[in-house]
Amino acid sequence: MSDNKKLAELLFPHIKRTPEEFEKMYPERTLPDGACVTRFAPSPTGFVHLGNLLVSLIDERLAHQSGGVCYLRIEDTDKKREVENGIEGIIKALEGFNIAFDEGATGSNAEKGQYGSYKQSERAEIYQTFVKKLVEEDYAYPCFCAEEEMSAIRAKQEEQKLTPGYYGEWAVHRGFTLEQIEAELAKEKSFVVRLKSKGNPENKIVLDDLIKGEIEFPENNQDLVILKTDGLPTYHFAHAVDDHLMRTTHVVRGDEWLSSVPLHFELFKALGWERPNYVHISPVMKMDGESKRKLSKRKDPEAAVSYYHEQGYPVQSVRDYLLNLINSNFEDWRRENPDKPNTDFIIDTQRMSVSGSLFDMVKLTDVSKEIISRMTAEEVYNLTLVWAEQYDKDFAKLISDKETYAKAILGIERGCEKPRKDIGKWSDVQPYALYFFDELFAANTAGGYDLAENMSKDEIKSILTGYLDIYNAEDEHEEWFNKVKAYCDSLGYASNMKDYKKNKEAYKGNIGDIMGTIRVALTNRRSTPDMHQVMRVMGYDRVIERLKKAALI
Ligand code: GLU
C-alpha cells in the first residue's frame, strides 16, 4: 500500500464507501436539452435579504423556463450562525413570493428529491469520501497548525510583504511524511485537511461568467482548508461536491465568491469533474445621498424580505420589480403584456447588470401602484383583508363588517380607462379610505377641519348649507356637475376657470373654492378621487350629516 493510501486510511478509517458508489447513487439527470439545474443554497441564519430573494428568483426562473430543476440546499456547516427554525423561515419567506422548489429541504428535518440529503450537515460521509480520495491521490493532506502558528506565518508574510496564506514553503505540513503525521496524530492533535495545490499563479485561468463575461485569474496555489476539524467541509469543498453530485448546471451566487473561483477550478480539476456554469450576481445597491452603497441588513429595513410582507406589497409587485432589476427589458414586456403572468417573461443572464442593480423604493411603489390599479375592487378588498388580518386587525374588522361599502370605496375610479393609482401597498388602503368610515372620520376631524384659511366661517357655513338644498343623490355626474357650476355662479364664484383668470376681481373666488369646501366637509382632505363618485359611495344620509356637521363649525 502506498503511503498516501495508508494516510487516507489512517485519517478516515470509518469511510468505507467509494466515490463511485456516490456517483452511481446520484446519476446524471435525464432532462431535455438546454434544461438548467439550479439551486438556492442559503445558510439558515434566519434572515432573508432582498438579494437572496433576487438570487432565488433567478434560480427558479432559469430552471423552470428551461424545463429544468431548481432545488433548495441548506448550507449549515457553520453551526454558530444557525438559528432555530431558520430553514422554515427561509422556505416560508420564499414561498410568500411564489418561489417553489422541485427538490430539497421542505422543513427543518424534511426534504424531497433523489439527490439528498440536501442539508450539508448530513453529508459528512459524502464529503469525507471525496477528501479521502484526494488524500489517496496526494491532492490533500492534514494540517495541524494551531491559530497561533497561523498568526505567526501571517505576521512573517506581512513583514516580508508577501502574499498571505498557506502555500508553498509556508505550508508547514504539506511535506510531512507518514511518520511525521502519525507522530502528530499520536499527540491527539486536531487537524484540518487542506488541498495540496498544484497550481502556479503565473499561469492564468479564464472564467466565462454568464453575466460578467470572461474574467482572467491567476491559478490558485493556496493550500486552502477543505475539511474543518469537525469533519465538515468548507464552503468551497461542499460547493464542488454538492454541485457535482446534485448535478447542478448553473451556479447562481453572489459575486463575493468571484475571488474563490481559482480555488473552485482547482477543486473540480482535482476531483476530475466538469465545472458548472457560473452566474455571479452583483449586490443590490441603493442611493445614499449622492453615493451608491450596498443595500444593508443593518441600515435598511427594506433589505429584509419580511418588510414587503409587513408593508403589504403584493407578491406580483415585488416579483415584477425584481424582474425589472434582473432584465431591464422586462418593463417593455410588461407594458405590452399587462395581463400575462410574469413567469411568461424569459430572463436572460446576458442582460443582467454587471455592476449591480440599483434598488429604488419609489420605482417599486410605482410598479406596484400600476399593478394594483389594474386589479378589481374585489381583488383589492380580498388582498387587503388578508394583509390587515395579520397587520391591522382593527381595519380588518372594519372592512369585513362593512364589506359591500368597502368594496364600493375600492371601486371608485377603478375598471375605467385611467384608473387611479393611490394604492401601492395594502398598508396604504386604510389611510386612503379612512374618511369613508365614520368612526375614523370622527377621530380625524376631532381637532377640526383642514379648511381654506382665506374663507370666513360664515362664508363656509353659507356654502355648505346652500349646497344642502341642491344636493340630490340621484344625479348622474353631468347633472351633478352642472348644478355645482350653477351654484357657484349664484354665489358669485366663477364656475369657469378661464373667465376667472381673465377677471379675478369680478368674483369672490372660483369653483375650486366651492368644491374644496364641500370636499373638506365630507372628507377632510384637499384632494380626493372624483367627488361625485365619493358622494355616491358615501350615500345620501352620510353626505347630508357631514355637510350639516361641518356647517356648524
Ligand atoms: N451559502 C452560500 C451563501 O449563502 C451559498 C453561495 C452559493 O450559492 O454557492 O453565500
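Our structure is the block above this text.
These remarks concern the structure in this document. Bear in mind the structure is a predicted one, so any value in this text is a computation, not a measurement. Each chain has its residues counted from 1, running along the sequence as written. Since the coordinates come from a predicted model, pLDDT governs what is reported: local features require at least 70, and pairs of side-chain atoms require 80 or more to be given and counted, while whole-chain, interface and lining totals use all residues. Side-chain metrics rest on all non-hydrogen atoms present in the structure, leaving aside hydrogens and water.

Right, let's get into the overall build of the chain. Helix and strand assignments come from DSSP, with helices taken as H or I runs of at least 4 residues and strands as E runs of at least 2, each series counted from the N terminus. Helix and strand counts for the chain stand at 24 helices and 16 strands. Taken over the C-alpha atoms alone, the chain extends approximately 110 × 50 × 40 Å along its principal axes. The burial tally for the chain puts 51% of its 553 residues in the buried class. Any two residues having at least one pair of non-hydrogen atoms within 4.5 Å are treated as being in contact. For the chain, long-range pairs separated by at least 24 residues make up 73% of all intrachain contacts whose partners lie at least 6 apart in sequence. Charge convention: Lys and Arg are scored as positive, Asp and Glu as negative, and His as well as the terminal groups of each chain are ignored. One atom stands in for each charge, and that atom is NZ of Lys, CZ of Arg, CG of Asp or CD of Glu. Within the chain, one finds 75 positive and 93 negative side-chain charges whose respective centroids are separated by 2 Å. Burial classes follow relative accessibility: with a 1.4 Å probe on protein chains only, a residue under 20% of its type's maximum area counts as buried, one over 50% as exposed, and anything between as partly exposed.

Two strands qualify as a pair provided DSSP detects at least 2 bridges between them. In this sheet, strand S13 (residues 291-294) lies alongside strand S12 (residues 285-288) in antiparallel orientation, the contact comprising 4 bridges. Each residue of the ladder has a partner; that of aspartate 288, found in S13, is serine 291. What sits between S12 and S13 in their antiparallel hairpin is a turn of 2 residues, with glycine 289 showing a positive phi close to 65°. Pairing of S12 with strand S14 (residues 358-359), which is carried by 2 bridges, proceeds in the parallel orientation. Along S14, the bridge assignment pairs methionine 285 with leucine 358.

Before going further, it helps to spend a moment on the site of the ligand. If you check the shell around the ligand, you find Arg39, Ala41, Ser43, Glu75, Tyr235, Val252, Arg253 and Trp257 and nothing else. Pairs of N or O atoms within 3.5 Å make up the polar contacts considered here, provided that, within protein, one atom can donate a hydrogen while the other can accept it, and that residues adjacent in sequence are counted only when both atoms are side-chain atoms. Within the side chain of arginine 39, one N or O atom sits 2.7 Å away from an oxygen atom of the ligand. Within the contact set of the ligand, a nitrogen atom lies 2.8 Å away from a backbone nitrogen or oxygen of alanine 41. Here the Shrake-Rupley method, with its probe set to 1.4 Å, supplies the accessible areas, and only the displayed protein chains count as covering residues. About the coverage of the ligand: the protein hides 80% of its 290 Å² of free accessible area. Distances are taken per atom, and a residue is near a molecule or strand as soon as one of its heavy atoms is within 4 Å of it.

For the rest of this paragraph, the subject is the pattern of salt bridges. Whenever Lys or Arg places a side-chain nitrogen within 4 Å of a carboxyl oxygen from Asp or Glu, that contact is recorded as a salt bridge. The tally for this structure, following the rule as stated, stands at 45 salt bridges. As a salt-bridge pair, arginine 293 and aspartate 288 come within 2.7 Å of each other at their nearest N and O atoms. Overall, the relative accessible area of 38% leaves aspartate 288 in the partly exposed class. Residue arginine 526 pairs with aspartate 450 through a salt bridge whose shortest N-O separation is 3.2 Å.

Take the sheet that holds strand S9 (residues 225-227) next. Sheet architecture is open: 3 strands sit in the order S5-S6-S9, paired in antiparallel fashion. One side of each edge strand has no neighbouring strand; the edge strands of this open sheet are strand S5 (140-143) and S9. When the angles between neighbouring strand axes are averaged without regard to direction, this sheet yields 45°. Pairing between strand S6 (residues 192-195) and S9: 2 bridges, direction antiparallel. Bridging across to S9, valine 193 finds its partner in leucine 227. Only the stretch in contact is used when fitting a helix axis, every axis being a line fitted to C-alpha atoms; angles between N-to-C directions are given from 0 to 180 degrees.

Attention now goes to helix H14 (residues 377-391). Here a helix's expected span is defined as the number of its residues, less one, multiplied by 1.5 Å. Its 15 residues place the ends of H14 20 Å apart at the C-alpha level, agreeing with the 21 Å of an ideal helix rising 1.5 Å per residue. Along H14, the positions that sit buried rather than exposed are Ala377, Val380, Tyr381, Thr384, Leu385, Trp387 and Ala388. Here the buried face of H14 lies against helix H10 (306-311), helix H13 (361-373), helix H15 (393-401), helix H16 (403-410) and helix H17 (429-433).

A covalent bond bridging the sulfur atoms of two cysteines is what the word disulfide describes. Only a pair of cysteine sulfur atoms within 2.5 Å counts as a disulfide in this structure description. Scanning the entire structure with this criterion turns up 0 disulfides. With no disulfide of its own, cysteine 36 has cysteine 70 as its nearest cysteine by sulfur position, at a separation of 10 Å. Assessed through its relative accessible area of 9%, cysteine 36 is described here as buried. With relative accessibility at 0%, the residue cysteine 70 sits in the buried group.

Before going further, it helps to spend a moment on helix H5 (residues 124-136). The terminal C-alpha atoms of H5 lie 18 Å apart, and with 13 residues this matches the ideal 18 Å at 1.5 Å per residue to within 8%. Ile126, Tyr127, Gln128, Thr129, Phe130, Val131, Lys132, Lys133, Leu134 and Val135 are the residues of H5 that are buried.

Take the side chain of threonine 349 next. For threonine 349, the position within the fold is in the loop between helix H12 (330-336) and S14. We classify threonine 349 as buried; its relative accessible area is 10%. Every residue in contact with threonine 349, bar those within four places of it in the chain, is listed here: Leu62, Leu210, Ile211 and Val279.

Between helix H11 (residues 315-326) and H13, whose axes approach to 9 Å, the crossing angle comes to 130°. Overall, the two elements H11 and H13 adopt an arrangement that is oblique. Crossing handedness for the pair H11 and H13: right-handed. Residues Gln316, Ser317, Val318, Asp320, Tyr321 and Asn324 of H11 form the contact with H13, whose own contacting residues are Lys363, Leu364, Val367, Ser368 and Ile371. Residues are grouped as follows: Ala, Val, Leu, Ile, Met, Phe, Trp, Tyr, Cys and Pro are nonpolar; Asp, Glu, Lys and Arg are charged; all remaining types, including Gly, are polar. Of the residues contributing to the contact of H11 with H13, the split by class is 5 nonpolar, 4 polar and 2 charged. Orientation labels follow simple angle bins: below 35 degrees gives roughly parallel, above 145 gives roughly antiparallel, 65 to 115 gives roughly perpendicular, and whatever is left gives oblique. Crossing chirality is assigned from the near helix's rotation relative to the far helix, an anticlockwise turn below a right angle marking it left-handed and a clockwise turn marking it right-handed.

With that settled, the discussion passes to the pairing of strand S3 (residues 103-107). Among the 5 residues of S3, 4 are classified as buried, and the element is accordingly described as predominantly covered. Sheet topology places strand S2 (residues 69-72) next to S3; 2 bridges connect them, and they run parallel. Bridge assignment links leucine 72 to a residue of S3, and that residue is glycine 104. As paired strands, S3 and strand S4 (residues 110-112) are joined by 3 bridges and run antiparallel to one another. Of the residues in S4, the one forming a bridge with glycine 104 is lysine 112. The turn linking S3 back onto S4 is made up of 2 residues.

Note on placement: aspartate 332 falls in helix H12. A relative accessible area of 41% means that aspartate 332 is categorised as partly exposed. At 3.1 Å, the side chain of aspartate 332 forms a polar contact with the side chain of arginine 335.

In this structure, serine 117 follows glycine 116 across a cis peptide bond, with omega equal to 0°. Relative to the helices and strands, serine 117 is located in the loop between S4 and H5. Even without being glycine, glutamate 188 reaches a positive phi, approximately 55°. Unlike most non-glycine residues, asparagine 524 shows phi in positive territory, near 55°. Inspection of the secondary structure puts asparagine 524 in the loop between helix H22 (511-523) and helix H23 (531-538). For asparagine 524, a relative accessible area of 11% translates into the label buried.

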